Amino acid sequence: MMEDIPLLAFCIPTYNRASFLKISLESYVTNEAFDGDVEIIISDNASTDETQTVGEYYASKYANIRYFRNGENIHDANFPLALDRATAHYAKLMNDNMPIATGGIRYIKECLRKHIAEKPPIFFVGVRIRPFRNDDEIVCYKFEDFVVNMSRWVTGIAQFGAWKEHWEKVENPTKYAKLQLSQDDWAYQIVEKEKQAVLLTGAFFQKKLTLPKKGGYNWFQVQVDNYYKILQTYIDKGLVSKVGVIKEKNNFVQLAMPWIAQVYWLPVFPNWDFDTKGTTKILWKHFKKTFFIYFVFFTLPIWGTLLYIKTKICMNKN
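Residue numbers here run from 1 along each chain, matching the order of that chain's written sequence. Only residues with pLDDT of at least 70 are given local features in this predicted model, and only at 80 or more are side-chain atom pairs given and counted; all residues enter the totals for whole chains, interfaces and linings. Computation of side-chain values covers all heavy atoms of the structure but excludes hydrogens and water.

## Examining the overall build of the chain
Under the DSSP-based scheme used, a helix requires at least four consecutive residues in state H or I and a strand at least two consecutive residues in state E, with every element numbered from the N terminus. Counting its secondary structure elements, the chain contains 13 helices and 10 strands. Computation of the radius of gyration draws on C-alpha atoms, with the globule rule given as 2.2 Å multiplied by the number of residues to the power 0.38. Its C-alpha radius of gyration of 20 Å places the chain within 12% of the 20 Å reference for a compact globule of 318 residues. In terms of overall dimensions, the chain has a C-alpha envelope of 55 × 45 × 35 Å along the principal axes. Here's how the labels work: a residue is buried when its accessible area is under 20% of the maximum for its type, exposed when over 50%, partly exposed in between, all with a 1.4 Å probe on protein chains only. Here the chain holds 318 residues, and the buried ones make up 54% of them. Residue contacts follow a heavy-atom distance rule, with two residues in contact if any of their heavy atoms lie within 4.5 Å. Within the chain, counting contacts between residues at least 6 apart in sequence, those at least 24 apart form 82% of the total. Each accessible area is a Shrake-Rupley result for a 1.4 Å probe, and residues are judged covered by the shown protein chains and nothing else. Of the accessible surface of the chain, which amounts to about 15100 Å², a share of 56% is contributed by carbon and sulfur atoms. The sign given to each residue is positive for Lys and Arg and negative for Asp and Glu; His and the chain ends receive no count. Throughout, a charge is located at the NZ atom of Lys, the CZ atom of Arg, the CG atom of Asp or the CD atom of Glu. Charge-centre separation for the chain: the mean point of 40 positive side chains lies 8 Å from the mean point of 34 negative side chains.

This is the structure:
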């Protein structure tokens, strides 16, 4: 440990997912690398189920787990609050239905120790960013490189993390809470200030626990339209060139293919319950000048069917 301050904090905002939270927490505490250099912050958004019982149990059993309960449901404002409650050198958001992988904690700690002297912004993506690119570590030396490589992965809760001194410099962390993508702006702010970023693609989590239903908002409104509303403020600053915007949009469309198939072809996600009103209008608004979107729709019956079959096979195995 360094100066009795933990190296790493896993910050878990949660609401009414007691059973999922319990499974996730158990994966942490039984992990061979779970020690005093790790803390877990549970930030309960005024759950009405057994979340408080689960959180208090683990907090009473493990000194490096702390449970907090908000007086009311503050929605996405709970995300920055969870990070604020951490004391570690590096604080990382995690989903409450995302168990840690067997080697996940050790992997994250080793990566942090490797970079702790320089402390560049680090983002644990956890998956190969795109097919045919097998880099374990991608170093971005300017803002545009980060935007192009990270693309829509920046929207993931578990993809956001920050060194404490970087997080403390983030301005107005709830500015985009209503757009449900505050983490995008935090990452952009940090990379803009530090002028670099390290993207790590090694797997650190197990497969997410399957929720009975996933929904509650318009997926394409949030994940596409709101995403570009936030990014556009940085494009307007001249931080991303026209060529960079084209590259990012091609990458975005590639990453969004499963959700496009869900709406226009066959159901890839069996527990999908999102609103998709206005999807075509949103896609046309942002990608009408992106050649790859036309290729995607032209070949949709081919790749969409293959993706559907792959999903069915994986479900049967589980």
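## Some thoughts on the layout of surface pockets
Gaps left between atoms show up when a probe the size of a water molecule is rolled over them. Within this model, the second largest pocket holds a volume of roughly 190 Å³. When residues in the lining of the second largest pocket are grouped by element, the largest group, four residues, is from helix α9 (residues 242–255). Taken together, the residues that form the lining of the second largest pocket break down as three nonpolar, two polar and five charged. Think of a 1 Å grid over the protein atoms and nothing else: a 1.4 Å probe that fits but is trapped marks a cavity, an open set flanked by protein within 12 Å on at least five of seven lines marks a pocket, and residues with an atom within 4 Å of a point count as lining. Grid points are joined across faces, edges and corners, and a volume is the space filled by probe spheres set on the points. Each residue gets one label: Ala, Val, Leu, Ile, Met, Phe, Trp, Tyr, Cys and Pro are nonpolar, Asp, Glu, Lys and Arg are charged, and the others, such as Gly, are polar.

## Overview of helix α2 (residues 51–61)
The set of residues buried in α2 consists of Thr51, Val54, Gly55 and Tyr58. Here the buried residues of α2 occupy an arc of 95 degrees about the axis, which is enough to place them on one side. The arc in question is formed by the directions pointing from the helix axis toward the C-beta atoms.

## Quick word on the packing of aromatic side chains
By convention, a stacked pair of Phe, Tyr or Trp rings (six-membered ring in the case of Trp) has centres within 6.5 Å and planes under 30 degrees apart, an edge-to-face pair has planes over 60 apart, and any other such pair is tilted. Scanning the model with the defined rule gives 32 aromatic pairs in all. When the ring of phenylalanine 204 is compared with that of phenylalanine 205, the centres are 4.9 Å apart and the planes differ by 75 degrees; the resulting orientation is edge-to-face. Each member of the aromatic cluster is reached from another via a ring pair, and the members are Phe123, Phe143, Phe146, Phe160, Trp167, Trp186, Tyr188 and Tyr234. Above the face of the tryptophan 259 ring, arginine 152 is positioned so that its terminal group lies 4.7 Å from the ring centre. Two thresholds decide whether a charge sits over a ring: the Lys NZ or Arg CZ must be within 6 Å of the ring centre and within 35 degrees of the ring normal.

## Regarding the pairing of strand β4 (residues 90–93)
Alternating residues of β4 divide into Tyr90 and Lys92 and Ala91 and Leu93, and every residue in both groups is buried. With three bridges connecting them, β4 and strand β7 (residues 161–163) associate as antiparallel partners. Paired with tyrosine 90 across the two strands is tryptophan 163, which belongs to β7. At least two DSSP bridges between two strands are needed for those strands to be called paired.

## Comments concerning the pairing of strand β3 (residues 65–69)
Of the strand pairs in this sheet, strand β2 (residues 38–44) and β3 are connected by five bridges, and their pairing is parallel. Directly across from isoleucine 42, in β3, lies its bridge partner tyrosine 67. The handedness of a crossover follows from its direction of travel: if, with the strands pointing away from the viewer, the path from the first strand over the helix to the second runs clockwise, the crossover is right-handed. Taking the sense of rotation as the criterion, the β-α-β connection linking β2, α2 and β3 turns out right-handed.

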